[in-house]
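Breakdown of the fold
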Amino acid sequence: MESTSTSMYDRIAGVQAEIERACSRVGRSPETVTLVAVSKTHTAQEVADAISAGLHHFGENRLEEASEKIPAVADLTEQPVHWHMVGHIQGRKARYVTSGYALVHSLDSPKLAERLSRMMTERSESLDVLLEINVAGEMSKYGWQMAGWQNDAALRSNLWQDVRAILTLPGLNVRGLMTMAPIVAEAEATRPVFAALRDLRDALAMDFPSADWTELSMGMTDDYPVAIEEGATLVRIGRAIFGPRL
Ligand SMILES: *Cc1c(COP(=O)(O)O)cnc(C)c1O
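Conventions and cut-offs
Residues numbered from 1 in each chain as written. Predicted model: local features only at pLDDT ≥ 70, side-chain atom pairs only at ≥ 80, totals over all residues. Heavy atoms only, no water. Helix = DSSP H or I, 4+ residues; strand = E, 2+ residues; numbered from the N terminus. Rg over C-alpha atoms; globule rule 2.2 N^0.38 Å. Buried < 20%, exposed > 50% of the residue type's maximum accessible area, 1.4 Å probe, protein only. Contact = heavy atoms within 4.5 Å. Core = buried A, V, L, I, M, F, W, Y, C linked by side-chain atoms within 4.5 Å. Near = heavy atom within 4 Å. Polar contact = N/O pair within 3.5 Å; in protein donor to acceptor, adjacent residues only side chain to side chain. Nonpolar A, V, L, I, M, F, W, Y, C, P; charged D, E, K, R; others polar.

Looking only at helices and strands, the protein chain has eight helices and nine strands in total. In summary, the protein chain has a C-alpha radius of gyration of 18 Å against a globular reference of 18 Å for 246 residues, a match within 12%. In terms of its C-alpha atoms, the protein chain occupies a principal-axis envelope of roughly 55 × 45 × 30 Å. The buried share of the protein chain, taken over its 246 residues, is 50%. Residue pairs at least 24 apart in sequence account for 62% of intrachain contacts in the protein chain once pairs closer than 6 positions are excluded.

Residues Leu-131, Ile-133 and Ile-241 are the most contacted members of the largest nonpolar core, which totals 72 residues. If one sorts the elements of this core by residue count, helix 6 (residues 191-207) sits on top with seven residues. Those residues in contact with Ile-241 that sit more than four places away from it in its chain are Met-8, Arg-11, Ile-12, Val-15, Leu-35, Ala-37 and Leu-55. In this structure, Val-36, Leu-103, Leu-130 and Leu-234 belong to the second largest nonpolar core, which totals five residues.

So, on to the site of the ligand. In the vicinity of the ligand, the residues found are Val-38, Lys-40, Asn-61, Val-86, Met-180, Met-220, Thr-221, Arg-236, Ile-237, Gly-238, Arg-239 and Arg-245. Contact distances for the ligand include 2.6 Å between an oxygen atom and a side-chain N or O atom of Arg-239. Its residues assigned to classes, the shell around the ligand comprises five nonpolar, three polar and four charged.

What follows is the structure in structure tokens.
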């Protein structure tokens, strides 16, 4: 046990040092970046070890797995834990996400937004969400398809129309955007994807100034230093903290 938590501690310290280095390269304060440890496939005990090593934000991508892990972790620690949903939410499972989450990164359609809004309103509560954007245009990814949005008025007007509608929904607080970069051999190749998400956020913030567009959730194990250089406020890191997934 000792060696497991020691190496967990070392891996977390390594990621935190890398976050600090990326921030200092672009003159940002490390406090502007939240490390979300993606604990999918890992046990409640591993999450508890990461909490002991100083982490407070955890991300899951499957609702069923998370709904067992969240109470199991609560039984293992007195520390505050903030849970993030980062995976696709099927409409019929939307109810799982209406309590226990600090932030949903993966709001990917107007329909899901309406459904969550209804459920949150029934509970007289509200949910912080990010809009998931498919900046690279990969078919396998969820979210608004926005590849090449800078030169595509139709794409832009489609998203703008959806955003206008989502911002009127009670019970949802839009806090920013999320994206997943394609898997590439060189992290540097993801830079244009992250820059495009930031530019899209800036354009939305200009046209919808009453909403909060602070958060940019981008960057995973293989590319988070580049994402931070391009403005990430939330990095979602699994393997660099918990080791390989089986
Ligand atoms: C699994 C996952 C991550 C973490 O990926 P790693 O490469 O292990 O860092 C981040 N975001 C989402 C949406 C994920 O599903």
